Amino acid sequence: MIRVVVADDQALVRAGVRMLLEAAGEMEVCGEAVDGTQAVQHAERLRPDVLLMDLRMPRMDGLEATRRILGAWPAARIVILTTFAEDENIYAALRAGAIGFLVKDDEPERMVDAVRRAAAGEPLLAPSVLRRVVERALAAEERVGPRVLAGLTDRELDVLALVGTGLSNAEIADTLHVGVTTVKTHVSTAMDKLGLRNRIQAAVVAHRIGLVDADFRPVRNPPRGGSGGQPAG
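The structure presented is a predicted model; accordingly, all values stated were derived computationally and were not measured. (Residues numbered from 1 in each chain as written. Predicted model: local features only at pLDDT ≥ 70, side-chain atom pairs only at ≥ 80, totals over all residues. Heavy atoms only, no water.)

With respect to the environment of Val5
Here's step 1: Tracing the chain through its elements places Val5 in strand S1 (residues 2-7).
Here's step 2: The class for Val5 is buried, based on a relative accessible area of 0%.
Here's step 3: Measuring from C-alpha to C-alpha, the distance between Val5 and Leu52 comes to 6.2 Å, with 47 residues separating the pair along the chain.
Here's step 4: Aside from chain neighbours lying at most four places away, what touches Val5 is Cys30, Gly31, His42, Leu46, Pro48, Val50, Leu51 and Leu52. (Helix = DSSP H or I, 4+ residues; strand = E, 2+ residues; numbered from the N terminus. Buried < 20%, exposed > 50% of the residue type's maximum accessible area, 1.4 Å probe, protein only. Contact = heavy atoms within 4.5 Å.)

Quick word on empty space enclosed by the protein
Here's step 1: Taken as a whole and judged by the stated rule, the model has 1 cavity of 30 Å³ or more.
Here's step 2: Lining the largest cavity we find Glu156, Val159, Leu160, Val163, His186, Val187, Ala190, Met191 and Ala202.
Here's step 3: If you list the elements that add at least two residues to the lining of the largest cavity, you get helix H7 (154-164) and helix H9 (180-194).
Here's step 4: When the residues that make up the lining of the largest cavity are grouped by side-chain class, the tally is 7 nonpolar, 1 polar and 1 charged. (1 Å grid on protein atoms, 1.4 Å probe; cavity = no way out; pocket = protein on both sides within 12 Å on 5 of 7 lines; lining within 4 Å. Points joined across faces, edges and corners; volume = space filled by probe spheres on them. Nonpolar A, V, L, I, M, F, W, Y, C, P; charged D, E, K, R; others polar.)

Quick word on H9
Here's step 1: When the terminal C-alpha atoms of H9 are compared, their 21 Å separation across 15 residues agrees well with the 21 Å that a helix rising 1.5 Å per residue should span.
Here's step 2: Looking only at H9, the buried set comprises Val183, His186, Val187, Ala190, Met191 and Leu194. In a view along the axis of H9, the buried residues occupy a sector of 125°, so they form one face of it. Seen from the buried face of H9, the exposed residues on the opposite side, beyond 90 degrees, are Thr181 and Asp192.
Here's step 3: Looking at the buried side of H9, the elements it contacts are H7, helix H8 (169-176) and helix H10 (199-208).
Here's step 4: Count one or two residues on from H9 and you reach Gly195, which has phi positive near 70°. (Expected span 1.5 Å × (residues − 1). Arc of directions from axis to C-beta.)

Below, the structure is given as structure tokens:
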């Protein structure tokens, strides 16, 4: 059973999310929070598998709550809920370590899928949003992890490139004709080697080191840089 905390200041939204998730038969809403302060308290006390976090709430907003929860509990899996796909706080929340985001008017099945994937450690991020996140990070030249390729195997590079295109583990497994468990292992190992916290950071690194081109297509032969194994730039 996947245990979920729903944080939203609108009672109708919380009730609708609870009904939707519990109808799936494999999820339990173990707590509801009306603001960010209560979300932090529930995270500390209940340790849910997934937190669905509204960004715009009174007392403490979802962004600050996300920062506090992940600061105290880095393994927390937070999916951001927002009314606006262009919300400027989405990027900040993802940088803080949120595992993905949902727009409230998305299809109901998408929310159920998001919770399943978040519980499994996979983000749910629409390609259009991933594109904006990557472009903004690249423009800011933010350092999200060491840009070192020498320690990665060819298969890890293949997997990292496909993460950079926004594919899920299942989609990567289909593309490479391997098992999902194998993909999960390669993703986890590559992220550990690069010092990354989540797949969104991994996607940014994949673009920065030349594994993915500007059109979000994987590059077959990525540059490995000089003799030291670090890409130029």
